[in-house]
Amino acid sequence: MSIEVSKLYFAYDAAPVLKDVSFHLGKGELLAVLGPNGAGKSTLFRCILGIESGYRGSVTLDGQDARSLSPRARAARIAYIPQVHAHAFPYSVEETVLMGTAHSVSPLALPGREQHASAMEAMEAVGIRHLAKKTVSRLSGGEQQLVLIARALAQRAATLMMDEPTSSLDYGNQARVLERVRALADRGYSIMLSTHNPQHALSYADRVLALHGGQAAACGTPRDVMTPALLERLYGVKTALIETETGLFIVPGKKGRENCV
Ligand code: ADP
Ligand code: MG
């Protein structure tokens, strides 16, 4: 699945939130969307997901105008993965993941063998099969996020959209969730995720879209676009990039402690 966004312009009221945003998401690619609070990341997701349709420009999914697709046809192509919220799911992991198959079941029917098989496969893909009978609200934040990813996989859409999937997770769970997400991209899923941590983009993404003031401040491979100048423009902090044996790392503060307060 591919997404092509071209010259996207959107305003909730008079002031535009997105101005002339263009980018491409290819099959098997992980695109990280960066940008300070209010930059328009969630709005961009909402336009692609069809929650907002009053935009100018175009969003095409595999060459088809997204606005021409019914909600069911859209759900067959794109799955949205929400952030984890405490106590949101008083269901078992298996039941929650099965909910992802709802669009493939007729309104009054119960999930059948095919839906159960999809749910099992999805739990397997993110390594939570052993949690199937557990209640979601009793799991760790990281495990809950993996349940929501499995639910999206059970939807059998080839594109996954995640708006800040790691923002409520601790350090270890952030890494565990992102490792799983990276593995899904390597299996061919197209993935778009927003994050407040530019290091996530550097460590896991194939490409980065940086939004600033509703415009694409940069779009390209992490190594090409993630410069100290871009990070200062986006977040107003000085940083240095340090190359190590395991990759490139962002260190805040130009001379070590300059940004510390
Ligand atoms: P981000 O996800 O990057 O933090 P958002 O897309 O949520 O940014 O918000 C972009 C801008 O749009 C902000 O100025 C925000 O206040 C405004 N905005 C977001 N949602 C709405 C809405 N439903 N109605 C009006 N303005 C909104
Ligand atoms: Mg947001």
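The text that follows walks through the structure, step by step, so that each part is easy to find. Predicted model, so just to flag it, every value in this text is computed and none were measured.

**As for helix α9 (residues 228–235)**
Among the residues of α9, those classed as buried are L230, L231 and L234. Looking straight down α9, one finds that the buried residues subtend no more than 95° of arc, so they occupy a single side. Immediately downstream of α9, the backbone of G236 shows phi near 70°, a positive value.

**Some remarks on the packing of aromatic side chains**
Using the criterion set out here, one finds one aromatic pair in the structure. Here F10 and Y12 contribute two aromatic rings whose centre-to-centre distance is 4.9 Å and whose plane-to-plane angle is 90°, an arrangement assigned as edge-to-face. The buried category is assigned to F10, whose relative accessible area is 4%. Among the residues examined, Y12 registers a relative accessible area of 45% and is labelled partly exposed. Looking at R56, its charged tip hangs above the ring of Y9, at a distance of 4.1 Å from the centre. Seen from the ring of Y55, R67 lies directly overhead, with NZ or CZ sitting 4.1 Å from the centre.

**Quick word on the state of the cysteines**
Throughout the structure, instances matching the rule amount to zero disulfides. Of all cysteine sulfurs in the structure, the one in C219 sits closest to C47, which takes part in no disulfide; the separation is 17 Å.

**Things to note about the site of ligand 1**
Taken together, Y12, V17, P36, N37, G38, A39, G40, K41, S42 and T43 make up the full set of residues near ligand 1. In the model, an oxygen atom of ligand 1 is placed 2.5 Å from a nitrogen or oxygen of the T43 side chain. Coverage of ligand 1 by the protein amounts to 56% of the 560 Å² it exposes when considered alone. If one sorts the elements of the shell around ligand 1 by residue count, helix α1 (residues 41–49) sits on top with three residues.

So, how was this worked out
- Residues numbered from 1 in each chain as written.
- Chains lettered and ligands numbered in written order.
- Predicted model: local features only at pLDDT ≥ 70, side-chain atom pairs only at ≥ 80, totals over all residues.
- Heavy atoms only, no water.
- Buried < 20%, exposed > 50% of the residue type's maximum accessible area, 1.4 Å probe, protein only.
- Helix = DSSP H or I, 4+ residues; strand = E, 2+ residues; numbered from the N terminus.
- Arc of directions from axis to C-beta.
- Phe/Tyr/Trp six-rings, centres within 6.5 Å; stacked < 30°, edge-to-face > 60°.
- Lys NZ or Arg CZ within 6 Å of the ring centre and 35° of its normal.
- Disulfide = S-S within 2.5 Å.
- Near = heavy atom within 4 Å.
- Polar contact = N/O pair within 3.5 Å; in protein donor to acceptor, adjacent residues only side chain to side chain.
- Areas by Shrake-Rupley, 256 points an atom, 1.4 Å probe, with all protein chains shown as cover.

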